[in-house]
Amino acid sequence: MSSSDFWRKFSRRTFIAHMTVTVLALLTACGHKVRASVSMPKHHQPDGTFRNRYAQRDGSFFDFLKWQWDAPERKPIAFELSANDPAYLARNRQDPTLTWIGHATFLLQYSGLNILTDPHLSARASPFTFVGPRRMTPPGLALEQLPPIDVVVISHSHYDHLDRTTVRVLAQQESPPHFFVPLRLADWCRRQGVKTVTELDWFESVSHGDWTFHAVPVQHWSNRTMFDRNKTLWAGWVIERQGFRFFFAGDSGYSKDFQDIRARYGDMDLAALPIGAYAPRWIMKKQHANPAEAVQIHQDLGARWSVGMHWGTFQLTDELPDEPPKKLAQARTQAGIKPDRFFVMGHGETRKLDFL
């Protein structure tokens, strides 16, 4: 490595390295204990944090440092936005549709309800406006183009899934949406101006009109500041009404949780599953499914149809930005699954769900 290459890489990653070491020290120093209870669920830990049911996430903070130092340079790809019709979406209360806004953000319109998943429509997935992963592709719908949102579901606190600016705008709607969040995220939402929010533990359920929302376990982790690692829960969501069952995975590695979800709730009609942010596997395996594992999740859930997400919006890991759909196609073929049964969408694309 030449001296110029060294200093280029050093300047790009020094901030991350220093912050990571600081976070490690603070998290070690700031742990606290709470009284254990014999009735405490196994994913609740005595120190007040949460854990996965089957495996803990890969890697230490020092592994993270090594990964960041060795990570290859990846040029962003600006994917073409699909043409859509915001005016139609704004007035639609009859046709079942799905619109991919980007990353893990979907607009699901079904039976008169507008549901938004993990809303992120800002320029960066970061606590800062000047540093952090920048969008490669603009949101498929701008904030001002969103139809009135009735319900928001949040999977966890990471910055690429929970965006403060977007949440604050949604909270200011004339008729604000109802937020469904994992355990201990309600207070954060209220600080952003959210008026109606319900938080659930894994396998808890709540009714909303003729819909039922179930928080379910997935294999991931959480943090938003240097003081709150795993202090808020992460979750997938089973969202159902008579004749329709939708699964939103949020962010997850592969685990037996998906078989458990199917055993408890039945087969899914439509599942939104992550297919990106999986490389290198030595550090990402337990927290991010790759496309082959996403195909296994599709099968574990008994999903009639699945849609890939969590790719092509932010450059978070080492795979090429356009690799996940290609790997998905290979895995789908190997599993004997027809292309229309596990599909990907363009940023901004709207599909009518008349095949359900």
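Residues numbered from 1 in each chain as written. Predicted model: local features only at pLDDT ≥ 70, side-chain atom pairs only at ≥ 80, totals over all residues. Heavy atoms only, no water.

Draft legend 1. Broad picture of the pattern of salt bridges. In total, this model carries 14 salt bridges according to the counting rule given. A network of salt bridges, in which partner residues are shared, links Arg 53, Lys 256, Asp 257 and Asp 260. (Salt bridge = Lys/Arg side-chain N within 4 Å of Asp/Glu carboxyl O.)

Draft legend 2. Structural view of helix α8 (residues 291–300). The buried fraction of α8 is high, at seven of 10 residues. All of the buried residues along α8 are Pro 291, Glu 293, Ala 294, Val 295, Ile 297, His 298 and Asp 300. Contacts made by the buried residues of α8 are with α6 (257–265), β11 (270–274), α7 (281–284), β12 (305–309), α9 (323–334) and β13 (342–343). The N-terminus of α8 is capped by Asn 290, whose side-chain oxygen sits 3.2 Å from the backbone nitrogen of Ala 292. Gly 302, located one to two residues past α8, shows a positive phi value of around 65 degrees. (Buried < 20%, exposed > 50% of the residue type's maximum accessible area, 1.4 Å probe, protein only. Helix = DSSP H or I, 4+ residues; strand = E, 2+ residues; numbered from the N terminus. Contact = heavy atoms within 4.5 Å. Polar contact = N/O pair within 3.5 Å; in protein donor to acceptor, adjacent residues only side chain to side chain.)

Draft legend 3. Main features of the pairing of strand β10 (residues 244–248). The element β10 is extensively covered by neighbouring structure, given that four of its five residues are classed as buried. Bridge count between strand β9 (residues 236–241) and β10: five bridges; the pairing is antiparallel. By the bridge assignment, Glu 240 is partnered in β10 with Arg 245. When β10 meets β11, the two strands line up parallel, connected through three bridges. Bridge assignment links Phe 247 to a residue of β11, and that residue is Ala 271. What joins β10 to β11 is α6, and the crossover it makes is right-handed. (Pairing = 2+ DSSP bridges. Right-handed = clockwise from strand over helix to strand, strands pointing away.)

Draft legend 4. Examining the confidence of the model for the protein chain more closely. Of the residues in the protein chain, 85% reach a pLDDT of 70 or more, and the chain-wide mean stands at 89. In the model, residues 1–37 has pLDDT below 50 throughout and makes 48 contacts with residues more than four positions away in sequence or in other chains. (pLDDT = per-residue confidence, 0-100.)

Draft legend 5. Main features of the packing of α6 against α8. For the pair α6 and α8, the least separation of the axes is 8 Å and the interaxial angle reads 20 degrees. On the basis of the axis angle, α6 is roughly parallel to α8. The element α6 and its partner α8 pack so that their crossing is right-handed. Contacts between α6 and α8 pair Phe 258, Gln 259 and Arg 262 from the former with Ile 297, Gln 299 and Asp 300 from the latter. Partitioning the contact of α6 with α8 into residue classes produces two nonpolar, two polar and two charged. (Axes fitted to C-alpha atoms, helices over the stretch in contact; angles between N-to-C directions. Parallel < 35°, antiparallel > 145°, perpendicular 65-115°, else oblique. Left-handed = near helix turned anticlockwise from the far one by under 90°. Nonpolar A, V, L, I, M, F, W, Y, C, P; charged D, E, K, R; others polar.)

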